[in-house]
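# Analysis of the macromolecular model
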Amino acid sequence: MVLLALMLLTGCGSPAADPPAVADTPFDSQPPPPPFRYLGEANVEQFSMPVGPVCFDAPLGPPDGEGYLVSQGFGGPRDHLGEDWRGPGVDGGLGDTVAAVCDGQVITARDYGVGGWGKVVRVVHRYGEEQWVESLYAHLERIDVEPGQRVARGERLGTLGDADGQTSPHLHLELRESMNLPLWHGYDREARGWIEPRAFIRAHRTDCPERRSTGGALHQGTTAQHAGPPVVEPAGQPAWTELEPGLELAVFRSPGPSTDGDSTITVLRVDPEHFEPVLLMASQTGTGEATAREWAQEHGLVAAINPSMFETDRRTSTFYMRVGDHDNNPAHHPRANAWLAFGPREPGLAPVRILDPSCDDVALRERYHTVIQSYRMRTCAGSTAWKPSARIWSHASLGVDVDGRLLLLHARSPWSTHDFTEIVAGLPIGLRSLQYAEGGPEASLYLRSAGLELERVGSYETGFFESDANQHAWELPNVLGVRRRVAATTAEPG
Ligand SMILES: [Zn+2]
């Protein structure tokens, strides 16, 4: 304690506000040989800490991290030196408690202002005679501890923030095997001295005094994994699983792999003779947002998917959207050329269709009860409407096949919309038209039928959620669902 205070007074242990020159390294000019220790034993003697238990927990949602996810892992293409933890909602868990991962002593509690780090807390933990680790928590909204303070595992250090607007809301968590190095850059190809946080935490919770319901497993996310139908490989025959009359499911593997995940596309095929499509909107029901599963359970739907993108008010569709006389958005978007229409108001019209101005009379949309406008993915002539792009994301999309059946499509694995459209067009599903519904972590598809429950959630989205880590179904203000039609009569009269 005394030595710590002396160190802080002399300033030698206080991290520099400005990061060192980029060409430099955070280590001495002669890096020690492995096993790597930057400052050696002298470094840790200044912390007069008793040896604590080998018990590390998640920094959010302790003890197990339940309800939180890691949106950017350690390492990866950008050489991330930590993990970015966040809540599942659009606010990222802003204001949520950030907890000490283990018993320890605060060495830094400081606002670095501009420069990207914001408010930072650093804690050293002694978990064996010679075993020390430092945890670093950055971008905090608020700091609740002071340098030198002892903290217990799970104790609040501050709250999750956005570095005062410099980042999206998340916790940047680092674990370091050397104490009190400069802040550094958060990213570096040279990662010696940094530890993968989740791997370390998982491996160091054997002595935790309380028994955990999860048996000590560290996890993020509560979405259960459900068995689905067998995956159809690219050269395989189409293998639809009939769940009940008029409802079939197939999962296809793309011939061209994605950068993440299993590269599959889930397709639910819905015969409108047996199933009625329904559009549910928080703007009409007056209820709040809910996951696709919750929408389905609340409203008796067999399946639910995103209908279209929505605005920041989390109510209004980005495009024209109407059910009956209720306009969710009364304005037709000038750059979107697809209108999914269903529920014909007069006989003789197809029960479900996607209207495309290059081959349809779009005025027909006035003759349907429900209309959902969005971006066209494929033209009537069969060409892909989107340009090739380096921007990739998970997809939810809506199609109609040559027999007039509604197709609900979901792919967690990210592709550009151009590539995804070409992959879907190549599937043996008799695709006639296809429109965009949603991209990224909000892209959801829920299904419950014939003893099968599937909950597909998206993840990756360039510029927003650059990770395959999302395990949560996000809440949606609107869903397109399908509901079993009730037989009008059980027997013909007479
Ligand atoms: Zn980070």
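The sections below set out a description of the structure shown in this document. (Residues numbered from 1 in each chain as written. Predicted model: local features only at pLDDT ≥ 70, side-chain atom pairs only at ≥ 80, totals over all residues.)

### Describing the overall build of the protein chain
Counting its regular elements, the protein chain contains six helices and 28 strands. Classification of the 494 residues of the protein chain by burial places 45% in the buried group. Look at the contacts in the protein chain between residues 6 or more apart in sequence, and 67% of them connect residues 24 or more apart. (Helix = DSSP H or I, 4+ residues; strand = E, 2+ residues; numbered from the N terminus. Buried ≥ 20, exposed ≤ 12 C-beta atoms within 10 Å, placed from the backbone. Contact = placed C-beta atoms within 7 Å.)

### Here we look at the sheet that holds strand β22 (residues 368–374)
Paired through their backbone hydrogen bonds, the strands of a sheet run either parallel or antiparallel. Here we have five strands laid out as an open sheet, ordered β19-β18-β22-β20-β21, and antiparallel in their pairing. With partners counted over all chains shown, the strands left at the sheet margins are β19 (326–329) and β21 (352–355), one partner each. Neighbour to neighbour, the strand axes of the sheet diverge by 20 degrees on average, direction disregarded. As judged from the three bridges shared by strand β18 (residues 321–323) and β19, these two strands associate in the antiparallel manner. Among the inter-strand pairings, Met321 is bridged to a residue of β19, identified as Asn329. (Pairing = 2+ DSSP bridges. Axes fitted to C-alpha atoms, helices over the stretch in contact; angles between N-to-C directions.)

### Digging into the pairing of strand β26 (residues 444–449)
As paired elements, strand β17 (residues 303–305) and β26 share three bridges and run antiparallel to each other. Within the sheet, the bridge partner assigned to Ile305 lies in β26 and is Leu445. Bridge analysis of β26 against strand β27 (residues 452–457) gives six bridges, and the strand direction is antiparallel. Each bridged residue has a counterpart across the sheet, and for Leu447 the counterpart in β27 is Leu454. The hairpin turn running from β26 into β27, its antiparallel successor, is two residues long, and Ala450 in that turn takes a positive phi close to 50 degrees.

### Here's the deal with unusual backbone geometry
For the bond from Pro62 to Pro63, the omega torsion is 10 degrees, close enough to zero to count as cis. At Trp184, a position not held by glycine, the phi torsion is positive, near 70 degrees. Within the secondary structure, Trp184 sits in the loop between β10 (171–176) and β11 (194–195).

### Thoughts on the environment of Glu83
Within the secondary structure layout, Glu83 lies in strand β2 (residues 83–86). Its 26 C-beta neighbours within 10 Å are what place Glu83 among the buried residues. The sequence separation of Glu83 and Arg198 amounts to 115 residues, and the corresponding C-alpha distance is 8.2 Å. Excluding residues within four positions of it along the chain, Glu83 makes contact with Val70, Gln72, Gly73, Phe74, Leu173, Pro197 and Arg198.

### Quick word on the pairing of β21
Side-chain alternation along β21 places Val352 and Ile354 on one buried face and Arg353 and Leu355 on a second face that is also buried. Note: strand β20 (residues 338–344) against β21, four bridges, orientation antiparallel. Across the sheet, residue Ala341 finds its bridge partner in β21, namely Arg353.

### Observations regarding the sheet that holds β27
Across the sheet, five strands lie side by side as β16-β28-β17-β26-β27; this open sheet has antiparallel pairing. Both outer strands of the open sheet, β16 (275–281) and β27, are each paired with one neighbouring strand and no more. The sheet shows a mean angle of 15 degrees between the axes of neighbouring strands, taken without regard to direction. The strands that helix α5 (residues 292–299) touches are β16, β17, β26, β27 and β28 (478–484); relative to β26, the one it contacts most, it runs at about 40 degrees.

### Structural notes on the nonpolar core
Generally speaking, soluble globular proteins have nonpolar side chains that are buried together. Counting 76 residues, the largest nonpolar core has Ala292, Ala303, Ala304, Ile305 and Leu408 as the members making the most contacts within it. Among the elements that make up this core, the one with the highest residue count is strand β24 (residues 406–415) (six residues). Excluding anything up to four places from it in sequence, Ala304 contacts Ala292, Trp295, Ala296, Tyr446, Val479, Leu480 and Gly481. Counting 43 residues, the second-largest nonpolar core is a separate cluster that includes Leu69, Ala99, Trp132 and Leu136. (Core = buried A, V, L, I, M, F, W, Y, C linked by C-beta atoms within 7 Å.)

### Side note on α5
Among the residues of α5, Ala292, Arg293, Trp295 and Ala296 are the ones counted as buried. All buried residues of α5 fall inside an arc of 165 degrees around its axis, so they share one side. Once α5 finishes, Gly300 follows within two positions and takes phi at roughly 65 degrees, a positive value. (Arc of directions from axis to C-beta.)

### Section: the environment of Pro344
Looking at where Pro344 falls in the secondary structure, it is placed in strand β20. Remark: the alpha-carbon pair of Pro344 and His369, spanning 25 residues in sequence, is separated by 6.0 Å. Excluding its chain neighbours within four sequence positions, the residues that come into contact with Pro344 are Leu349, Pro351, Arg367 and Tyr368.

### Topic: the environment of Ala99
Here Ala99 is to be found in strand β3 (residues 97–99). Classification of Ala99 as buried rests on a count of 22 C-beta atoms within 10 Å. Contact partners of Ala99, with chain neighbours within four places excluded, come to Pro59, Pro62, Gly154, Glu155, Arg156 and Leu157.

### With respect to helix α6 (residues 417–425)
Those residues of α6 that sit buried are Thr417, Phe420, Thr421, Ile423 and Val424. Across the axial projection of α6, the buried residues extend over an arc of 160 degrees, all falling on one side.

Everything listed here is a matter of coordinates, which is why it stays silent on function.
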